[in-house]
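Residue-level listing of the chains:
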Amino acid sequence: MERKRSMLMLAMAMVLSFVLAACGGAPTEDPSAMLETTSGDISVSPPTEPNDSNILVAYFSHTGNTEKVAQKIADYTGGDLAEIRRTEEYENLYEEAETEILEGAHPDITVSVENIAEYDTVFVGYPIWWDEAPAMIATFLADNDFSGKTIVPFCTSASDDIGNSLHIFKELCPDAEIAEGFTANEANEIEPWIQGLGIMEKQE
């Protein structure tokens, strides 16, 4: 009897450990496995040179997954790519990034385009960290005037969807039109989503 009870307790402990690991709040930029294995043709190109497009695809990417989605969006829309980077690297990513989000900080950033005012539609992409957008996204939104523009948020995430992170767009860009956010869990969902927005680039 005691042996059965011990085995039962051990099994419960293992299940609890698995659940806690799966629900942890550490910053992730998945779906890395899902995205890369379901569509091996996703490739990453450097930010494009500005062209005549009125669409900008701005993104912050920590491990490269959001960058892959941004590249596909730029391919489908003919938009220009713009990478958002934190000016200073994190010394302790987990502590500093979470503190920035909790405190509503706006860390210094660089963006690989000069004149965001030229664009009418701006996609803004990021990984979900602690169920929120990284603080660099708040800086990007606060530093630019999006009045009269359409902002299209998108994210990559292992577990949480984009919903809880969208509040910063309404708070920091009250005069912009905010499109429904998109969580890129499947690579093959990106093209239908772009088609639904009505901004698919016309093929020659």
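Residues numbered from 1 in each chain as written. Predicted model: local features only at pLDDT ≥ 70, side-chain atom pairs only at ≥ 80, totals over all residues. Heavy atoms only, no water.

A.B. asks: Explain the packing of aromatic side chains to me, please; I cannot follow it from the model alone.
C.D. replies: Between two aromatic rings, the relevant description is the distance of the centres plus the angle of the planes. Scanning the model with the defined rule gives 6 aromatic pairs in all. Pairing Phe60 with Trp129 gives two aromatic rings, centres 5.7 Å apart and planes at 90°, and the pair type is edge-to-face. Residue Phe60 is located in the loop between strand 1 (55–59) and helix 3 (65–77), and its partner Trp129 is located in the loop between strand 4 (121–127) and helix 5 (135–143); the two are separated by 69 residues in the primary sequence. By relative accessible area, which is 1% here, Trp129 ends up buried. A connected cluster of aromatic rings, assembled from ring pairs, spans Phe60, Tyr90 and Trp129. (Phe/Tyr/Trp six-rings, centres within 6.5 Å; stacked < 30°, edge-to-face > 60°. Helix = DSSP H or I, 4+ residues; strand = E, 2+ residues; numbered from the N terminus. Buried < 20%, exposed > 50% of the residue type's maximum accessible area, 1.4 Å probe, protein only.)

A.B. asks: I would appreciate a short explanation of the nonpolar core in the present structure.
C.D. replies: A general feature of soluble globular proteins is that nonpolar side chains tend to end up buried together. If you look at the biggest cluster of nonpolar residues, it comprises 31 residues, and the most contacted ones within it are Tyr126, Ile137, Phe140, Leu141 and Phe146. The set of elements that each furnish at least two residues to this core consists of strand 1, strand 2 (80–86), helix 4 (93–103), strand 4, helix 5, strand 5 (150–156) and helix 6 (167–172). Within the second largest apolar cluster, 18 residues are counted, among which are Tyr59, Ile73, Ala74 and Phe154. (Core = buried A, V, L, I, M, F, W, Y, C linked by side-chain atoms within 4.5 Å.)

A.B. asks: Just checking my understanding: could you explain the pairing of strand 2 for this structure?
C.D. replies: The side chains of a regular strand alternate between both faces of the sheet. Of all 7 residues making up strand 2, 6 are buried, and the element is well covered by its neighbours. As defined by bridge partners, strand 1 adjoins strand 2 across 4 bridges and the pair is classed as parallel. Residue Tyr59 lies in a different strand from strand 2, and its bridge partner there is Glu83. Between strand 1 and its parallel partner strand 2, the chain crosses via helix 3, and the hand of that crossover is right-handed. Sheet topology note: the strand 2/strand 3 (residues 109–111) ladder contains 3 bridges and is antiparallel. From the neighbouring strand, Ile84 faces strand 3, where its bridge partner is Val111. (Pairing = 2+ DSSP bridges. Right-handed = clockwise from strand over helix to strand, strands pointing away.)

A.B. asks: Would you mind showing me how to read the layout of surface pockets here?
C.D. replies: Here the idea is plain: a probe the size of a water molecule rolls over the atoms and shows the empty space left. Estimated volume of the largest pocket: approximately 220 Å³. Surrounding the largest pocket, Phe60, Ser61, His62, Arg85, Arg86, Thr87, Glu88, Glu89, Tyr90, Leu93 and Thr110 form its lining. Classifying every residue of the lining of the largest pocket by side-chain character gives 3 nonpolar, 4 polar and 4 charged. (1 Å grid on protein atoms, 1.4 Å probe; cavity = no way out; pocket = protein on both sides within 12 Å on 5 of 7 lines; lining within 4 Å. Points joined across faces, edges and corners; volume = space filled by probe spheres on them. Nonpolar A, V, L, I, M, F, W, Y, C, P; charged D, E, K, R; others polar.)

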